[in-house]
Amino acid sequence: MAKQEDVFKKVVSHAKEYGFIFPSSEIYDGLSAIYDYGQNGAELKNNIKQYWWKAMVQLNENIVGIDSAIFMHPTIWKASGHVDAFNDPLIDNKDSKKRFRADVLVEDYCAKIEDKENKEIEKAAKRFGDAFDKAQFEATNPKILEYREKRATILSRLAKSLEKEDLADVKALIEELEIADPDTGSKNWTEVRQFNLMFGTKLGASADSATDLYLRPETAQGIFVNYLNVQKTSRHKLPFGIAQIGKAFRNEIVARQFIFRMREFEQMEMQYFVPPGTELEFYENWKKTRLNWHLALGLGAENYRFHDHEKLAHYANAAADIEFNFPFGFKELEGIHSRTDFDLSAHEKFSGRKIQYFDPERNENYVPYVVETSVGLDRLFLAIFSNSLKDEVLEDGSERTVLSLPPALAPVKAAILPLVKKDGLPAFADKIFNDLKFDFNVIFEEKDSIGKRYRRQDAIGTPFCITVDHDSLNDNTVTLRYRDTMEQERVPVSELRRIIDEKVNFRTLLSKI
Ligand code: ATP
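Reading the values: rules and limits
- Residues numbered from 1 in each chain as written.
- Predicted model: local features only at pLDDT ≥ 70, side-chain atom pairs only at ≥ 80, totals over all residues.
- Heavy atoms only, no water.
- UniProt positions renumbered as here; feature names shortened; annotations may be inferred.
- Domains from an automatic or database assignment.
- Helix = DSSP H or I, 4+ residues; strand = E, 2+ residues; numbered from the N terminus.
- Buried < 20%, exposed > 50% of the residue type's maximum accessible area, 1.4 Å probe, protein only.
- Pairing = 2+ DSSP bridges.

Going by what an unreviewed UniProt entry lists, the chain is known as Glycine--tRNA ligase and is assigned to Epilithonimonas mollis. Under Function (unreviewed entry), UniProt gives the following word-for-word description of the chain: "Catalyzes the attachment of glycine to tRNA(Gly)." If you open the UniProt record of the chain and go to Subunit (unreviewed entry), you find "Homodimer."

Next comes the structure, spelled out in structure tokens:
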């Protein structure tokens, strides 16, 4: 089995074993692409939300946060284009009966070419050693140039065909490239069809009076339809932003990558309203700001890259993804889109209400333009979780699994551990617990050997273990163990709050952005 697959399997099983993520409805054999967050997962997820909310809302005096309802007037989805255009091209394999996204099959084919390029580069780097000039190699090596041109040609044809809704050509492309079902090798494909990703439901008690509704496929529309309310009541001038965290629902065609692609997921979106003509400047700024926000987590700059869109969504005049190096390769983590005035203008038209801003400097009314940043909370969870999970071989040859989460995001900040369950140690430890619990999420554990308890805390990413021993009773000191270095030091009980706070507070993280 490929190494990447091993890593991913380990991520999934660790998430379950340590109470982070469970398959939903597991005692009924689960529900496809739906997951539940367990006791540690819920804490980690809440901390990620806080990091985003604080950075967006608290640190920017011109961004406010809202919480709009999941159910919305059905005309909203007509106006936004989701009823007509929120489709993915679907293709079935006639032999395996498996369903695929036709565009993803082609993109995966191109990703394989890219892997070949990277292998060529690695080989050359080894061959030339210190003298290797990567940029020059990439610009001149005939094999690399050929691979790149091939990729560009394929992707541009795919983009054009999708844009023109020429699904027959997407099928032709799949056939020309001889793309096979990755599991069975079969090339026996159906036609490509469009599939709408919105879930429908009904509002109202009796069948004939019930209204057809959709579960929202994105949180953004909740922001657009509240633009007037928020602008009036917050009295912000342009540019200003509205942020929101909430659930979104998409009936994804293929959802096989754990919490990367789910049918019920959470988004953290911010719409920044700007004067027309300034949007591309703000778009570039938000690209930088959002990347810095990710980099501050310390997961390694080499694990992020931008991907500028060739095929723009119907509402955008510029768009890029921040991609992350997941255990299954680089994939979209966050989207940054310049959405023009598409949404607000459409809502003006469909609602009949004027959605305009009077600009005192320009002395004119206009529909604001919008730059959006949209990150999937669950994808971010997966990025942070998988990147932090490490198997280490220690100096004495033993092994440990450690989840080196950014300390501010760790579900539990400190574990308070009486060395033995007698001689007054639990009572002493309990006092520490009852003091620290007002400031941090801490736990008290007295079962098992101290070594086992340390390992369990390492596995859930607890930055500190506080061990109470017999000396503690006499000199009011405890042993503080650091998760990452496993170093231990003796510290006075009175110092604990300060030491923990320095490491885990959000200020440390936020000031790096
Ligand atoms: P993809 O191309 O992967 O389907 P998208 O471009 O449709 O994603 P957007 O509509 O831009 O995604 O949504 C913004 C963010 O929401 C994405 O960057 C991603 O992090 C998250 N997201 C979208 N769909 C899902 C999903 N099915 N499960 C989990 N997160 C998702």
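We are not done yet, so read on.
Further remarks concern the domain arrangement of the chain. Domain annotation of the chain identifies domain 1 (87–196) and domain 2 (394–510). Centre-to-centre, using C-alpha coordinates, domain 1 lies 49 Å away from domain 2.

Before going further, it helps to examine unusual backbone geometry. Cis geometry is adopted by the peptide bond preceding Pro239, which originates at Leu238 and carries an omega value of -5°. Notably, Asp29 is not glycine yet its phi reads approximately 75°, a positive angle. The phi angle at Lys97 is positive, at roughly 65°, despite the residue not being glycine. Inspection of the secondary structure assignment puts Lys97 in the loop between strand S4 (87–92) and strand S5 (99–101). A relative accessible area of 68% means that Lys97 is categorised as exposed.

Side-chain direction in a regular strand flips from residue to residue, so the side chains alternate between the two faces of the sheet. With 10 of its 11 residues buried, strand S10 (residues 264–274) lies for the most part within the structure. Sheet analysis places strand S9 (residues 240–249) next to S10, joined by 10 bridges and oriented antiparallel. Its bridge partner being in S10, Ile245 is matched across the sheet by Met268. As defined by bridge partners, S10 adjoins strand S16 (residues 369–376) across 8 bridges and the pair is classed as antiparallel. Within the sheet, the bridge partner assigned to Val274 lies in S16 and is Tyr369.

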